[in-house]
Amino acid sequence: MRSVRGMRIVSILAVGGLAAGLAACGDAPESSSGTGSSAAPAAGTYKTCMVTDIGGIDDRSFNASAWKGLTEAKADSDKLAEPKNVSSKAEADYVPNLTQFAQQGCNFNLAVGGLMTDATKQVAAANADKQFAIVDSAIPGATNVYPMQFDTAQAAFLAGYLSAGYSKSKKVATYGGLKIPPVTIFMDGFADGVAYWNTQKNDKVQVLGWDKATQNGSFAESFTDQGKGKALSDGFVAQGADVIMPVAGGTGLGTAANAADKYAVVWVDVDGCESAQQYCKAFLTTVVKNIPEAVKEAAVKGADSTGMLTGSYLGTLENDGVSIAPYHEFDSKVSAELKGEVDKLKADIIAGTVKVTSPAQPK
Amino acid sequence: MTASTVEAAQAVVEPTRYWTRQRKVGVGLAAVGVLAALLFGALATGRKAEFTLAETISGSAVGINGTVGAVLFGAIAALAGAAMLVTAKRWFGWLLGVGIVATLISFLCWQLSQAPDNLNTIPLGSVARSSVTLALPLILGALAGVLCERSAVINVAIEGQFLMGAFAAAMFATLAGSVWVGILAAGVGGLIIALLLAVLAIRFLVDQVVLGVVLNVFALGLTGFLYEQLMAKDQTRFNQPTFVPEWDIPGLSDIPLIGPALFKGNIFLYGAIVLVVLIHVGLFYTRWGLRTRAVGEHPAAADTLGVKVLALRYRNVLVGGLVAGFGGAYFTLLSTTNFNKNMTSGLGFVALAALIFGRWSPIGATLAALFFGFCSALAFSLGSINSPIPSQFLNMLPYIATIVAVAGLVGRVRAPAADGTPYIKG
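An unreviewed UniProt entry lists chain B under the name Nucleoside ABC transporter membrane protein, with Asanoa siamensis as the source organism. As recorded by UniProt, the Subcellular location (unreviewed entry) comment attached to chain B reads in full: "Cell membrane".

Within an unreviewed UniProt entry, the label attached to chain A reads BMP family ABC transporter substrate-binding protein, and the organism entered is Asanoa siamensis. Looking at chain A in UniProt, the text filed under Subcellular location (unreviewed entry) is "Cell membrane".

Novice: Is there a simple way to explain the overall build of chain B in this structure?
Specialist: Looking only at helices and strands, chain B has 17 helices and five strands in total. Against the compact-globule benchmark of 22 Å for 426 residues, chain B has a radius of gyration of 24 Å, which places it among compact chains. Considered along the principal axes of its C-alpha atoms, chain B spans approximately 65 × 65 × 40 Å. For chain B, with 426 residues in total, the buried portion stands at 53%. Sequence-distant contacts in chain B: of pairs separated by 6 or more residues, those separated by 24 or more amount to 77%.

Novice: Mind showing me how you'd approach the packing of helix H2 (residues 62-76) of chain A against helix H10 (residues 291-304) of chain A here?
Specialist: When two helices pack together, their arrangement is given by the angle between the helix axes and by the axis-to-axis distance. All names here are of chain A. At a minimum axis distance of 7 Å, the contact between H2 and H10 shows a crossing angle of 40°. Taken together, the axis directions place H2 and H10 in an arrangement best described as oblique. The element H2 and its partner H10 pack so that their crossing is right-handed. Seen from H2, the contacting residues are Phe62, Ser65, Ala66, Lys68, Gly69, Leu70, Glu72, Ala73 and Asp76; seen from H10, they are Ile291, Pro292, Glu293, Ala294, Val295, Lys296, Ala299 and Val300. Looking at the contact of H2 with H10 residue by residue, the class counts come to 10 nonpolar, two polar and five charged.

Novice: Can you help me understand the domain arrangement of chain B in this one?
Specialist: One widely used convention gives an interface's size as the accessible area the parts lose upon coming together. Residues and elements named next belong to chain B. In terms of domain boundaries, chain B breaks down into domain 1 (13-114) and domain 2 (125-410). Computed from C-alpha coordinates alone, the two centres of domain 1 and domain 2 are separated by 32 Å. Contact with domain 1, which involves seven residues of that partner, is made by 10 residues of domain 2. By residue class, the composition of the side of domain 1 that touches domain 2 is three nonpolar, three polar and one charged.

Novice: Please explain the interface of chain A and chain B as it appears in this structure.
Specialist: If you look at the interface, chain A gives 51 residues, while chain B gives 53 residues. Put simply, the parts of the chain that give the side of chain A that touches chain B at least two residues each are helix H1 (2-23), strand S7 (206-208), strand S9 (216-217), helix H7 (226-238) and helix H8 (251-257) of chain A. The element best represented in the side of chain A that touches chain B is H1 of chain A, accounting for 15 residues. Class assignment for the residues of the side of chain A that touches chain B results in 18 nonpolar, 24 polar and nine charged.

Novice: What is the right way to look at unusual backbone geometry in this model?
Specialist: Peptide bonds are trans in most cases, and residues, glycine excluded, mostly fall at negative phi. All names here are of chain B. One non-glycine residue, Leu257, adopts positive backbone phi at about 65°. With respect to the element layout, Leu257 can be found in the loop between strand S4 (247-248) and helix H10 (258-263). Phi is positive for Arg359, close to 50°, though the residue is something other than glycine. Tracing the backbone shows Arg359 in the loop between helix H15 (347-357) and helix H16 (362-384).

Novice: Sorry, what's going on with the pairing of strand S1 (residues 48-52) of chain B here?
Specialist: Residues and elements named next belong to chain B. Bridge analysis of S1 against strand S2 (residues 62-65) gives four bridges, and the strand direction is antiparallel. Paired with Ala49 across the two strands is Ile64, which belongs to S2. Sheet topology places S1 next to strand S3 (residues 121-123); three bridges connect them, and they run parallel. Across the sheet, residue Phe51 finds its bridge partner in S3, namely Ile122.

Novice: How should the pairing of strand S12 (residues 283-289) of chain A be read in this particular structure?
Specialist: On a regular strand, each side chain points to the face opposite its neighbour's, so the side chains alternate between the two faces of the sheet. All names here are of chain A. Taking burial as the measure, the seven residues of S12 include seven buried ones, the bulk of the element. The pairing of strand S11 (residues 264-269) with S12 spans five bridges and is classified as parallel. Looking at the pairing, Val265 lines up with Phe283 of S12. Pairing of S12 with strand S14 (residues 322-324) involves three bridges; the strand directions are antiparallel. Along S14, the bridge assignment pairs Val288 with Ser323.

Novice: Quick question: what am I supposed to make of the packing of helix H2 (residues 21-43) of chain B against helix H3 (residues 66-87) of chain B here?
Specialist: Residue and element names in this part refer to chain B. The N-to-C vectors of H2 and H3 enclose an angle of 165°; their axes lie 7 Å apart at closest approach. Taken together, H2 and H3 sit at an angle that is classed as roughly antiparallel. Where H2 crosses over H3, the handedness of that crossing is left-handed. Classifying every residue of the contact of H2 with H3 by side-chain character gives 18 nonpolar, seven polar and one charged.

Novice: I tried to follow the confidence of the model for chain B on my own but got confused; where do I start?
Specialist: When pLDDT is low, close inspection of the predicted coordinates is not appropriate. Residue and element names in this part refer to chain B. This prediction gives chain B a mean pLDDT of 91; 95% of its residues lie at or above 70. Low confidence marks residues 1-6, where pLDDT is under 50. Its contacts with residues over four positions away, or in another chain, come to zero contacts. For this predicted complex, the interface score ipTM comes out at 0.90, while the overall pTM is 0.89.

Novice: Got a minute to help me understand the environment of Ser361 of chain B in this structure?
Specialist: Residue and element names in this part refer to chain B. The residue Ser361 is located in the loop between H15 and H16 in this model. Of the residues examined, Ser361 has 18 C-beta atoms within 10 Å and is grouped as partly exposed. As a C-alpha pair, Ser361 and Ala329 span 32 residues in sequence and 23 Å in three-dimensional space.

Novice: I keep staring at the UniProt feature "domain: ABC transporter substrate-binding protein PnrA-like" (unreviewed entry) in chain A and nothing clicks. Help me out?
Specialist: Residues annotated by UniProt as "domain: ABC transporter substrate-binding protein PnrA-like" (unreviewed entry) correspond here to residues 48-355 of chain A. Structurally, residues 48-355 of chain A is divided into 41% helix and 19% strand, and its ends, taken at the C-alpha atoms, are 37 Å apart.

Novice: Looking at this structure, I do not really get the sheet that holds strand S6 (residues 171-176) of chain A. What am I missing?
Specialist: Residue and element names in this part refer to chain A. As summarised here, the arrangement of the six strands in space is S7-S6-S10-S11-S12-S14, forming an open sheet in which the pairing is mixed. Only two strands of the sheet have a single partner each, and these edge strands are S7 and S14. Taken pair by pair, the neighbouring strands of this sheet meet at an average axis angle of 20°, ignoring direction. In this structure, S6 lies alongside S7, joined through three bridges in parallel fashion. If you follow Val172 over to S7, its bridge partner there is Val207.

Novice: Please clarify how the sheet that holds strand S2 (residues 84-86) of chain A should be interpreted in this entry.
Specialist: Consider a sheet: its strands pair through backbone hydrogen bonds, and that pairing is either parallel or antiparallel. Residue and element names in this part refer to chain A. The strand order S2-S1-S3-S4-S5-S13 describes an open sheet built from six strands, whose pairing is parallel. Looking along the sheet, the strands with just one partner apiece sit at the ends: S2 and strand S13 (313-315). Going from strand to strand, the sheet's axes swing by 15° on average, the running direction of each strand aside. Here strand S1 (residues 48-51) pairs with strand S3 (residues 108-112) via four bridges, running parallel. From the neighbouring strand, Met50 faces S3, where its bridge partner is Leu110. Running over the sheet, H10 touches S1, S3, strand S4 (131-135), strand S5 (145-150) and S13 and is turned about 160° from S5.

Novice: Even after reading the chapter, I still don't get the domain arrangement of chain A, so can you show me in this structure?
Specialist: All names here are of chain A. Here chain A is partitioned into domain 1 (33-150 + 292-315) and domain 2 (152-289 + 332-351). For domain 1 and domain 2, the distance between their C-alpha centres works out to 31 Å. Tallied by class, the residues present in the side of domain 1 that touches domain 2 amount to two nonpolar, five polar and three charged.

Novice: Hey, could you run me through helix H11 (residues 267-285) of chain B in this one?
Specialist: Residues spaced three or four apart along an α-helix face the same direction, because each turn holds 3.6 residues. In this model H11 of chain B runs 26 Å from its N-terminal to its C-terminal C-alpha over 19 residues, within 8% of the 27 Å that 1.5 Å per residue would give. Among the structural elements, helix H5 (124-150), strand S5 (264-265), helix H12 (287-297), helix H14 (309-335) and H16 of chain B are those in contact with the buried residues of H11 of chain B.

Novice: Before we go on, may I ask you to explain the confidence of the model for chain A in this structure?
Specialist: Mean pLDDT for chain A: 89, with 94% of residues reaching 70 or above. Within the model, pLDDT remains below 50 along residues 28-39 of chain A, and this stretch shows 22 contacts once partners closer than five positions in the same chain are excluded.

Novice: Got a minute to help me understand helix H7 (residues 179-203) of chain B in this structure?
Specialist: Helix length check: H7 of chain B, at 25 residues, gives a terminal C-alpha distance of 35 Å against a target of 36 Å (1.5 Å per residue), a fit within 8%. Looking one or two places after H7 of chain B, you find Leu205 of chain B, whose phi comes out positive at around 55°.

Definitions and cut-offs
Residues numbered from 1 in each chain as written. Chains lettered and ligands numbered in written order. Predicted model: local features only at pLDDT ≥ 70, side-chain atom pairs only at ≥ 80, totals over all residues. UniProt positions renumbered as here; feature names shortened; annotations may be inferred. Helix = DSSP H or I, 4+ residues; strand = E, 2+ residues; numbered from the N terminus. Rg over C-alpha atoms; globule rule 2.2 N^0.38 Å. Buried ≥ 20, exposed ≤ 12 C-beta atoms within 10 Å, placed from the backbone. Contact = placed C-beta atoms within 7 Å. Axes fitted to C-alpha atoms, helices over the stretch in contact; angles between N-to-C directions. Parallel < 35°, antiparallel > 145°, perpendicular 65-115°, else oblique. Left-handed = near helix turned anticlockwise from the far one by under 90°. Nonpolar A, V, L, I, M, F, W, Y, C, P; charged D, E, K, R; others polar. Domains from an automatic or database assignment. Pairing = 2+ DSSP bridges. pLDDT = per-residue confidence, 0-100. Expected span 1.5 Å × (residues − 1).

Below, the structure written as structure tokens:
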């Protein structure tokens, strides 16, 4: 008898925990079905809905950025309704979450992250009258999916060059969260930027933690474990590195927190001095992916157009889709000469005189 | 009764058999040594492999030609294995130690000799310090497990206790502006989960494994929700603790290798050492320990002798919660200075593995945790010298090593007999 009562309490705890977890992750899709139409909508009726990948809405990184883009779009255009989002807990949630939103009559369904490619392809094919959009991926042949991709290697190249110029020990380091293209593209660009510095200056700055030729390096296998971030950084520092670029979401916070004056940190995705202000003094710069702007533009364009969005978005240095953030507290520690060279290099990449390549680049 | 008689009988018969466990391990070690000498020797280059006991590679280092080192140390391991055949039981521990270390050096000679210029030195002091730091949460989690499981309550909720501890530490250390308040709060955080565990397992007789899993879900959801509602909205006010201070022990902290690892510590390191000793002595040399073990092995017998079974279980589970909560503070006050969702990333389960690997004893669990920490630290170090081993394999290293060690060296492990069974006074 007692165990029956016990199981009841246990179920309450389980449901409580799951519900709290869900509540933390925004509105769950309602099951009411609406009537969707893709005709040009009246004021406040174009519904934008977003499904996050497993990182969740508050990842201080690309899910958060995409959501920021949708909320900004709402402020910009009065044709848009209040945006909605749902966080995916597991990869198995992608298809149901996208389907629910499409069936609820969401006009603009945003999938965030390359991990959702297959799910988006499947759901978009089943809901041909709805506009879909995906960040960090493209689905060739699907006319109702608007792809938004970023050539992050270009900006990471600048960061690599800057780090090589800034490093006094002539050793810079990088590590990733997982060995997947959206992560390794940063590491490729970074390594090439350092290599470019070496050829220009006839110098020998070494990159620890990533070898572009063999595509092998250091990975935390986690986007949440800050202890691993710290341990990886300690390993690099022991080898003498004085600049570290973690491409590992929350894991990287362990690197930022332990920087002190041992090393400088290059942050990624969103300007570190905004997304992780408390560690601003550790950030040399950030390799920024301007996801909010891309998403905002797509949502506003979607509301204005009568048919499906055509074409695609590719963020580059030229259209400011990728960039490196201001130096903030390192402004006085980076020489004017080096700043000038970085600006010049940016112009060269835009002009095409310096080519940045990576196997992980969007095709 | 019968089991111990049989074991005693075997112990008497054993010397007449030639192929004892020690000799079998000896053959295995000799084979590993020969393999290391051949394989690593062939892969290594003639460049130098350098070792330093310091924390960085800037100091003086001992160097050896890569190929020579790999073959030499492989041969030493093989000799240690061969020696076991002769000496059998005597010096087994020492020979095994020499064999493992020599195999490791042989491996490192290969890795270092092929590393790029300026990266062919391994700072062993840094590896040692990282090993201990990475082991700390595992030690504290495993100790919490020892306290619970020795009194027969299975604790799968270490992960949840960690999370609550980590969250409470970050939040209250920031609000109060003091890490000590944070550590106290962490203890309370762990205690809350322990209280739920104790009441539901002991009073309501819920299946303890299911219960542990549910408590983990509950802790993950609750901390995630509070993170979202408070911390994410105002990081400065709720989620900006400081590091715990570093306490160097003068003199001792200058010893190479173990100095930085053991004597440049902090509250968590010294706390863990004190707790390991306390719990070991308490468990095996005090009345409390005897009663705890009795309750874990045969609660009915203990009850007959007047031990208050349920009260003792409550007390031990709650103390375990305090210890695990304290371990949780490690994540937000030592690893880093902020809380993020699910930041314990499964380490509570690794602590549980260390507990089993260490045969439910405080010292065994500590050694298991240190072993695991060392393997992780080694993997990170190899990553930082651009090892050609694919990163996936490097990251598997701690797990593979644990499996090999559990299967090959630990032998049969036995949980406390009553572990997981609730006690109903009959």
